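Structure assessment
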Amino acid sequence: MPTDAYPQLNAPIQIVNHGIPLSEVEAAFALSEAYFGLPYESKAAGSIKNKYGIMPFGHECPARETDNPKADLKESLLASFRADVSDIWPSEAECPGLREGLERFKLANSRVNTRMLECFEDGLGLARGTLAAMHAPALADCLNVTRIMYYPALTEKTSRARCSAHTDFCSLTCLFQRPGQPGEWRRFVQLVPQCVGV
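Predicted, not measured: the structure shown is a model, and the values here were computed from it.

Criteria and thresholds
Residues numbered from 1 in each chain as written. Predicted model: local features only at pLDDT ≥ 70, side-chain atom pairs only at ≥ 80, totals over all residues. Heavy atoms only, no water. Salt bridge = Lys/Arg side-chain N within 4 Å of Asp/Glu carboxyl O. Helix = DSSP H or I, 4+ residues; strand = E, 2+ residues; numbered from the N terminus. Buried < 20%, exposed > 50% of the residue type's maximum accessible area, 1.4 Å probe, protein only. Expected span 1.5 Å × (residues − 1). Pairing = 2+ DSSP bridges. Axes fitted to C-alpha atoms, helices over the stretch in contact; angles between N-to-C directions. Contact = heavy atoms within 4.5 Å. Phe/Tyr/Trp six-rings, centres within 6.5 Å; stacked < 30°, edge-to-face > 60°.

A few words on the pattern of salt bridges. Pairing between side chains of opposite charge can happen when their charged atoms approach one another. Enumeration according to the criterion identifies six salt bridges in this entry. Here K43 and E75 are joined by a salt bridge, their closest N and O atoms 2.6 Å apart. One end of the pair, K43, is in helix α2 (residues 40-43); the other, E75, is in strand β3 (residues 75-80), with 32 residues separating them in the sequence. Judged by its relative accessible area of 4%, K43 falls in the buried class. Where E103 meets R99, a salt bridge forms, and the shortest distance between an N and an O atom there is 3.7 Å. Taken together, the positions of E103 and R99, both in helix α3 (residues 98-124) and four residues apart, correspond to about one turn of that helix. By relative accessible area, which is 38% here, R99 ends up partly exposed. One continuous salt-bridge network, built from bridges that share partners, spans R99, E103 and K106.

The subject of this paragraph is α3. Here α3 contains 27 residues, and its C-alpha end-to-end distance of 38 Å stays within 8% of the 39 Å for a straight helix at 1.5 Å per residue. Where α3 ends, the next residue or the one after it, G125, has phi of about 75°, a positive value.

A word on the sheet that holds β3. Across the sheet, which stays open at both edges, the three strands sit in the order β2-β3-β4 with antiparallel pairing between neighbours. Each edge of the sheet is formed by a strand with only one pairing partner; in this case those strands are β2 (53-55) and β4 (145-150). Neighbour-to-neighbour, the strand axes of the sheet open up by a mean angle of 20°, direction not taken into account. Two elements, β3 and β4, share six bridges in a ladder whose sense is antiparallel. When the sheet's bridge partners are listed, E75 is paired in β4 with Y150. Contacts from helix α1 (residues 22-36) reach β2, β3 and β4 within the one sheet, and its direction differs from that of β4 by about 60°.

Before going further, it helps to examine the packing of aromatic side chains. Any aromatic ring pair is given by two values, namely how distant the centres are and how the planes are angled relative to each other. Tallied over the entire structure, the rule returns three aromatic pairs. Residues F36 and Y150 carry aromatic rings whose centres are separated by 5.5 Å and whose planes lie at 20° to one another, so their mutual orientation is stacked. With F36 in helix α1 and Y150 in strand β4, the pair connects residues that are 114 residues apart, well separated along the chain. For F36, a relative accessible area of 9% gives the class buried. Considering the side-chain rings of F105 and F176, the 5.2 Å spacing of their centres and the 55° angle between planes classify their relative orientation as tilted. Of this pair, F105 sits in helix α3 while F176 sits in the loop between β4 and β5 (196-197); the two residues are 71 residues apart in sequence, bridging distant segments of the chain.

It is worth spelling out the environment of D87 at this point. If you trace the backbone, D87 turns up in the loop between β3 and α3. Judged by relative accessible area, D87 falls into the partly exposed class, the value being 37%. Linking D87 and Y52, residues 35 residues apart in sequence, is a C-alpha distance of 9.7 Å.

This is the structure in structure tokens:
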């Protein structure tokens, strides 16, 4: 496809017909809800390595500091393809299907990412596979991740951010959200139903 066929955008792209069935997206949300409903001790049973694993509520801020009074008011689990960070999960008994389901969802997202990278390759005039090869899940230092996030209800007003302004450490971010969910990203873009925001 010629370069001029791609729109010049300064806003998030919304991808529909991305190949991930709605049932799989909903299953990932259900697993996320089950995980964040666990006691912290259960979630922390998985190890935390190089920022992978559980990131507790009020622990993360843009400067990557810990115990910062201005840390974000959210909780998250960051899962990677890297073999050295594979033991981040709570027990199967405590959260049945979490690891298998999110690993499956992570692979589905990786396929979407690869197709997006191919579009970038075309737009930049690069040979097909140039960027995809740099993001292959088999790489020892692969940065392809799946992150699930939870924004607990607050009992009082605060000036602290739920998710501070930041730059993601990856080449592209694919965002799944459901209309009306807590923490919905709607200030800057109105997401189309069943789309992936990129």
